[in-house]
Amino acid sequence: MELETKERLVVTPEKNRKISWLAGCLIFLGGCQSFTASSYNAEGVRMLAAERPEDALDYFERAKNADPENPDAYYNCGVVYHEMAIDTGRESDFQMAKYYYDLCLERNPNHVECNRSKATLLCDIGQNDAAFQLMESWVDRQPASAEPRIELARLYDEHHQLARARDCLTDAVAIDSHNVRAYTALGSVRERMGDNQEAIHAYERALALNPYQPEVNSRIASLRYTVPNTTPPSAPLRPEQQNTIDPEGKEEIATAPGNAVQ
C-alpha cells in the first residue's frame, strides 16, 4: 500500500451500531508527513483491524508525536477511544474521543471524517442538538463545498428526516455535479421515500461517474422492476402506417420489457 498518498481504510457501513459510525474510516498520514509518522499510523490501522485497540493507540500516539500538527493522527486516536467507548460505555473513553476529535478540528476545521465522527459521538452521548449545530456551522463555513451537506444529510437520515436529507443532497449535487457519494446517497434517500424513478436517475448519475459500483448496479436493476411504464398509449395506426410484415405487432411485444423504463 502506498504510504506517500492519503489512503483510507474503508469500513463499510453496517447496521451493527459499533462500526456504523466508522464508515469514514481511519486515515493514513501522507503528503508531506515524515515516513516515520506514516509508518506508525499505518501500523496503528493494522492493529485496530486486528482488534488490538491498545496497540493501535500506541502507534497513533507515536505518529502524533512524530508530526504534532497533522490532524489525521489526532483523528485516529479519537477513533480508537470512540470504539472503546462503544464497547465499554465508559464516560472517560467518550470524553477522550471528543478531546482528540477537537484537537483534530483545531488543526483542520473541515476534516470530513472528524466532523462526521464527532457528530456521531455527540449523538452517542445524547447531545443531538449539538451534533446538528456542528454540521450546520460547517455548512455555513463552507457554502461552496458539497461535503458538509452530504454529512448533514447523513445526520438527518440517521434521525429519520428523509425529506431534509434529500434537500441537503440536492444542494450537494447542485454544488458538485461530479460527486459520486452525493448522487449515491441521494438515490438511496429517494428510494426509501418511494420516489423510485428519481432514485434510478440519481443512481445512474453515480454510476456514470464511477462504473465500479456493483451495489448501485444492483439497486438500479431492482428498481427497474418496480417502476411502472409511464409511456403514454399510442394512437391507433392508420392503414398506411400498419406493419404488413408483423401486423399484430408481435415483434414489438417481444421487446417491450426492455422499453419499460426510459
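Residues numbered from 1 in each chain as written. Predicted model: local features only at pLDDT ≥ 70, side-chain atom pairs only at ≥ 80, totals over all residues. Heavy atoms only, no water.

### A few points about the overall build of the protein
Here is step 1 of the chain: A tally of regular secondary structure across the protein gives 13 helices and 2 strands.
Here is step 2 of the chain: Relative to its 262 residues, the protein shows a buried fraction of 41%.
Here is step 3 of the chain: Summarising the internal contacts of the protein: among those between residues at least 6 apart in sequence, 50% fall at separations of at least 24.
Here is step 4 of the chain: Looking at the protein as shown, the accessible area adds up to about 14,400 Å², and 51% of this sits on carbon and sulfur atoms. (Helix = DSSP H or I, 4+ residues; strand = E, 2+ residues; numbered from the N terminus. Buried < 20%, exposed > 50% of the residue type's maximum accessible area, 1.4 Å probe, protein only. Contact = heavy atoms within 4.5 Å. Areas by Shrake-Rupley, 256 points an atom, 1.4 Å probe, with all protein chains shown as cover.)

### Observations concerning helix α12 (residues 214–224)
Here is step 1 of the chain: Those residues of α12 not exposed but buried are V216, I220 and L223. The arc enclosing the buried residues of α12, seen along the axis, measures out at 70°, which places them on a common side. Relative to its buried face, α12 has exposed residues pointing more than 90 degrees away, namely P214 and E215.
Here is step 2 of the chain: In this structure, the buried residues of α12 make contact with α10 (180–192) and α11 (196–209). (Arc of directions from axis to C-beta.)

### A closer look at the environment of S39
Here is step 1 of the chain: Structurally, S39 is set in helix α2 (residues 35–49).
Here is step 2 of the chain: As a C-alpha pair, S39 and Y59 span 20 residues in sequence and 8.8 Å in three-dimensional space.

### Considering the packing of aromatic side chains
Here is step 1 of the chain: What the rule picks out here adds up to 5 aromatic pairs.
Here is step 2 of the chain: An angle of 10° between the planes, with centres 5.8 Å apart, marks the rings of Y81 and Y100 as stacked. Remark: Y100 occurs in helix α5 (residues 91–107) and Y81 occurs in helix α4 (residues 71–88); sequence separation between them is 19 residues. Just as Y81 is buried, Y100 falls in that class too.
Here is step 3 of the chain: Where F132 meets Y156, the ring centres are 5.2 Å apart and the plane angle is 40°; that geometry is what we call tilted. Taken together, the residues F132 in helix α7 (residues 128–141) and Y156 in helix α8 (residues 147–158) connect sequence positions 24 residues apart.
Here is step 4 of the chain: In this structure F132 comes out as buried when scored by relative accessible area, which is 12%.
Here is step 5 of the chain: Among the residues examined, Y156 registers a relative accessible area of 9% and is labelled buried.
Here is step 6 of the chain: Ring pairing ties together the aromatic residues Y81, Y99 and Y100, which thus form one cluster.
Here is step 7 of the chain: Sitting over the ring of Y59, R62 keeps its end group 4.9 Å from the ring centre.
Here is step 8 of the chain: Over the aromatic face of Y74 sits the side chain of R107, whose NZ or CZ is 4.2 Å from the ring centroid. (Phe/Tyr/Trp six-rings, centres within 6.5 Å; stacked < 30°, edge-to-face > 60°. Lys NZ or Arg CZ within 6 Å of the ring centre and 35° of its normal.)

### Describing the environment of D124
Here is step 1 of the chain: Inspection of the secondary structure puts D124 in helix α6 (residues 112–124).
Here is step 2 of the chain: For D124, a relative accessible area of 28% corresponds to the partly exposed category.
Here is step 3 of the chain: Counting along the chain gives 38 residues from D124 to I86, while the straight-line C-alpha distance between them is 8.5 Å.

### Notes on the pattern of salt bridges
Here is step 1 of the chain: Taken as a whole, this structure holds 17 salt bridges when the rule is applied.
Here is step 2 of the chain: Its salt-bridge partner being R166, residue D167 comes within 3.2 Å of it at the nearest N-O pair.
Here is step 3 of the chain: When its relative accessible area of 23% is taken as the criterion, R166 is described as partly exposed.
Here is step 4 of the chain: E191 is paired through a salt bridge with R219; the nearest N and O atoms lie 2.1 Å apart. Of the two residues, E191 sits in helix α10 while R219 sits in helix α12, which places them 28 residues apart along the sequence. (Salt bridge = Lys/Arg side-chain N within 4 Å of Asp/Glu carboxyl O.)

### A short note on the nonpolar core
Here is step 1 of the chain: Of all hydrophobic cores here, the largest spans 27 residues; its most connected members are A131, M135, I150, L152, L155, Y156 and L169.
Here is step 2 of the chain: Of all the secondary structure elements, the ones that give two or more residues to this core are α6, α7, α8, α9 (162–175), α10 and α11.
Here is step 3 of the chain: Not counting residues within four places of it along the chain, the set of residues in contact with L155 comprises C123, A131, F132 and M135.
Here is step 4 of the chain: Core analysis: the second largest hydrophobic core is formed by 23 residues, M47, L48, Y100 and L105 among them. (Core = buried A, V, L, I, M, F, W, Y, C linked by side-chain atoms within 4.5 Å.)

### Here we look at the confidence of the model for the protein
Predicted coordinates in regions of low pLDDT should not be interpreted in detail.
Here is step 1 of the chain: Residues at a pLDDT of 70 or more form 73% of the protein, whose mean pLDDT is 79.
Here is step 2 of the chain: This model gives residues 1–25 a pLDDT under 50, and the stretch forms 59 contacts once residues within four places in sequence are excluded. (pLDDT = per-residue confidence, 0-100.)

### As for the packing of α7 against α8
Here is step 1 of the chain: At their nearest, the axes of α7 and α8 sit 8 Å apart, and the two run at 160° to each other. Considered as vectors, α7 and α8 are oriented roughly antiparallel to each other. For the pair α7 and α8, the sense of crossing is left-handed. Contacts between α7 and α8 involve A131, F132, M135, E136, W138 and V139 from the former and E147, P148, R149, E151, L152, L155 and Y156 from the latter.
Here is step 2 of the chain: In terms of residue class, the contact of α7 with α8 is built from 9 nonpolar, no polar and 4 charged. (Axes fitted to C-alpha atoms, helices over the stretch in contact; angles between N-to-C directions. Parallel < 35°, antiparallel > 145°, perpendicular 65-115°, else oblique. Left-handed = near helix turned anticlockwise from the far one by under 90°. Nonpolar A, V, L, I, M, F, W, Y, C, P; charged D, E, K, R; others polar.)

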